[in-house]
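Listed below, chain by chain, are the residues.
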Amino acid sequence: MIRSLMHHLVGTISVIFYFLNTVLWATPIIILSFFKLIPLAPWRRFISYILDACATAWITINNLNQRVSSRTKWDVTGLDQLTRDDWYLVIANHQSWVDILVLQRVFNRKIPFLKFFLKKELIYVPMLGLAWWALDFPFMSRYSKSFLAKNPHLKGKDMETTRKACEKFQTKPVSIMNFVEGTRFTQEKHDRQNSPFSHLLKPKAGGVAFVLSAMGSQLHKLIDVTIDYPGGVPSFWDFVSGKVRDIRVSIKVTPITDITENGYFNDNYFEDPQVRSQFQRWLNSRWQDKNDQLESINATQKSL
């Protein structure tokens, strides 16, 4: 009873600090985003670095909050291969909203600030759209197959537009995040998919292929992250209230050239079914290795 009350007290205080910290750093980000509207490339680049510094400080204080409010034991491997001067594509398995906090904590100040590809319509979300744009979250333009069937002259235009939006990353290192499974793991989703991986949903190659096609040679390395919660998948409340005892994160780094030059992927992905099939097989192989790793971890945990 006392322990439960303590967890509720810790969680409540932690959430309050998350909120105050978010307000603290969201305010200058929103204000600076208006200054970034000035259409001068050097000025925008200068403001971008300040904005990224604000976002990094926000995560740093969130991490301090986590250290104070929990006694979680972190087992992280592979960080020694990372720098803040490289261009990364980051992929990971997805089990909980806590995954985002885990990734932010593990990679903060180790690689460039994590960014997600967003649908172009999200730029019109009040305040947030402006903040995402200011933080250089790339907005992607995607046309559906039915739309292209009616407007064949626009074929390839969506990729051209997205590539242009990513030009800013030619001189500024970036980390692009993609949850390859497309959604969080649940047993119901796993059964509905008839997934061949006991601990994972089926990986979707399209999102990764879109990033590789849009950013091309700008990206240097692939970071493949495996997140495991030995005590069971936590909710956000479990995490902030200090109930999560252990988190394990394994990081594997692969040069992008290993993917492109070895024939696993090329720019014909969206036109050539053979290339799509080949890239999907490569991704399935990575997911099998990830599943084997999780299986080994769980087997070791059960034997203890």
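Our structure is the block above this text.
Criteria and thresholds
- Residues numbered from 1 in each chain as written.
- Predicted model: local features only at pLDDT ≥ 70, side-chain atom pairs only at ≥ 80, totals over all residues.
- Heavy atoms only, no water.
- Helix = DSSP H or I, 4+ residues; strand = E, 2+ residues; numbered from the N terminus.
- Rg over C-alpha atoms; globule rule 2.2 N^0.38 Å.
- Contact = heavy atoms within 4.5 Å.
- Areas by Shrake-Rupley, 256 points an atom, 1.4 Å probe, with all protein chains shown as cover.
- Lys, Arg positive; Asp, Glu negative; His and termini not counted.
- Charge placed at Lys NZ, Arg CZ, Asp CG, Glu CD.
- Buried < 20%, exposed > 50% of the residue type's maximum accessible area, 1.4 Å probe, protein only.
- Patch = residues over 30% accessible without salt bridge, like charges linked within 9 Å, V, L, I, M, F, W, Y side chains within 5 Å.
- Salt bridge = Lys/Arg side-chain N within 4 Å of Asp/Glu carboxyl O.

**As for the overall build of the chain**
- In terms of helices and strands, the chain carries eleven helices and eight strands.
- Scaling as 2.2 N^0.38, a compact globule of 304 residues should have a C-alpha radius of gyration of about 19 Å, and the chain matches this with 20 Å.
- Its C-alpha atoms give the chain principal-axis dimensions of roughly 65 × 50 × 40 Å.
- For the chain, restricting intrachain contacts to residue pairs at least 6 apart in sequence, the fraction spanning at least 24 positions comes to 75%.
- Total accessible area computed for the chain in this model is approximately 16,300 Å², and 59% of it derives from carbon and sulfur atoms.
- Of the side chains in the chain, 38 bear a positive and 26 a negative charge, and the two mean positions are spaced by 6 Å.

**What to know about helix H8 (residues 205–215)**
- Within H8, nine of the eleven residues are buried, which leaves it mostly tucked inside the rest of the structure.
- Among the residues of H8, those classed as buried are Ala205, Val208, Ala209, Phe210, Val211, Leu212, Ser213, Ala214 and Met215.
- Looking one or two residues past H8, Gly216 carries a phi angle of roughly 50°, positive in sign.

**Some thoughts on a nonpolar patch on the surface**
- Judged by side-chain polarity, Ile31, Phe35, Ile38, Leu40, Trp43 and Phe46 come together as a nonpolar surface patch covering roughly 560 Å² of accessible area.
- Position of Phe46 relative to the elements: it lies in helix H2 (residues 41–69).
- Phe46 sits in the partly exposed class, given a relative accessible area of 47%.

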